[in-house]
Amino acid sequence: MGNSPYRNVVEHPTFVRLYRFVVVGASAALVQTAVLWLLVEVGGLNYLVAATIAIELTIILQFVVNNAWTFQHASYTARSDYLVGLLRTNLVRGSAIPLQLGLLWAFVNWAGLVYLLANGFAIFISGLYRYYLDSRWTWQIA
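Note that the structure is predicted; figures quoted are calculated from it, not measured.

Undergrad: Tell me about the overall build of the chain, and name the residues and values.
TA: Helix and strand counts for the chain come out as five helices and zero strands. Overall, the chain shows an N-to-C arrangement of helices and strands of α-α-α-α-α. With respect to the three principal axes, the spread of C-alpha positions in the chain is 55 × 40 × 20 Å. Of the charged side chains in the chain, 8 are positive and 5 negative; the average position of the first set lies 8 Å away from that of the second.

Undergrad: Requested: an account of the layout of surface pockets, with residues and values cited.
TA: The space that makes up the largest pocket amounts to roughly 320 Å³. Looking at the largest pocket, it is lined by 16 residues, and the ones nearest its centre are Val22, Gly25, Ala26, Ile123 and Phe124. Counting residues per element, the ones that place at least two in the lining of the largest pocket are helix H2 (13–42) and helix H5 (115–138).

Undergrad: Could you give an account of the packing of aromatic side chains, naming the residues involved and the relevant values?
TA: All chains considered together, the criterion is met by nine aromatic pairs. A centroid spacing of 6.4 Å and a plane angle of 70° characterise the contact between Phe21 and Phe71, whose relative ring orientation is edge-to-face. Note that Phe21 is positioned in helix H2 and Phe71 in the loop between helix H3 (47–70) and helix H4 (79–109), a separation of 50 residues in sequence. For Phe71, a relative accessible area of 0% translates into the label buried. An aromatic cluster of three or more residues is present, and its members are Phe21, Phe63, Phe71, Tyr76, Tyr82, Tyr131 and Trp139. Taking the ring centre of Trp137 as reference, the NZ or CZ of Arg88 above it sits at 4.9 Å.

Undergrad: I'd like a description of H5, backed by residues and values.
TA: Taking 1.5 Å per residue, 24 residues should reach 34 Å; H5 reaches only 30 Å between its end C-alpha atoms and comes up short. The axis of H5 is deflected most strongly, by about 30°, at Gly127. Directly after H5, the chain includes Gln140, whose backbone phi takes a positive value near 50°.

Definitions and limits used
- Every chain's residues receive numbers from 1 upward, in the order its sequence appears when written.
- Residue-level local features of this predicted model are given only where pLDDT is at least 70; pairs of side-chain atoms are given and counted only at 80 or more, and the full residue set underlies all totals for whole chains, interfaces and linings.
- Note that water and hydrogens are dropped before the side-chain values are worked out from all heavy atoms of the structure.
- In this description a helix means any DSSP run of H or I spanning at least four residues, a strand means any run of E spanning at least two, and both kinds are numbered starting from the N terminus.
- Neither His nor the chain ends is counted toward charge; the positive residues are Lys and Arg and the negative residues Asp and Glu.
- To locate a charge, take NZ of a lysine, CZ of an arginine, CG of an aspartate or CD of a glutamate.
- Of the grid points, spaced at 1 Å and generated over the protein atoms alone, those admitting a 1.4 Å probe that cannot get out make up cavities, while open sets with protein on both sides within 12 Å along at least five of seven lines make up pockets; any residue with an atom within 4 Å of a point is treated as lining.
- Grid points are joined across faces, edges and corners, and a volume is the space filled by probe spheres set on the points.
- Aromatic contacts are taken between Phe, Tyr and Trp rings whose centres are within 6.5 Å, Trp giving its six-membered ring; a plane angle under 30 degrees counts as stacked, one over 60 as edge-to-face, and the others as tilted.
- Classification of residues uses two cut-offs on accessible area relative to the type maximum, computed with a 1.4 Å probe and protein chains only: under 20% is buried, over 50% is exposed, and between them is partly exposed.
- In this scheme, the term charge over a ring applies when either NZ of a lysine or CZ of an arginine sits within 6 Å of the ring centre and within 35 degrees of the ring normal.
- Working rule for helices: expected span equals 1.5 Å times residues minus one.
- The seven residues ending at a residue and the seven starting there each receive a fitted axis; the angle between those axes is the bend at that residue.

Written as structure tokens, this is what we have:
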């Protein structure tokens, strides 16, 4: 097949990172949705409170996996650096929590979506924001 334009695109480091980020994010979205459902349906929590807890759990999960796989070339290995990276991703992703919760609330209350479906849309939209900031600041990729 040679050096086709398609191969140049899919093997480009930015594309590979974005692909991995999406895989990690989609997996974390499934975990987040399961935790959200458990906290609401079994735990009896308000869906916005439950979403906040589920988001924080997946922030930590995603940092661990993204550090080891998605951004492995720029990963944090020393304990102090790892903690700095975890703090950075918490700031990035923490700043996305109001965005995601606001979208979740709007999709439920204005669009009439079921909270689990609304959460999926909110995760996707806030994920674009999180990828940009994580790649630029948490792992400092130009």
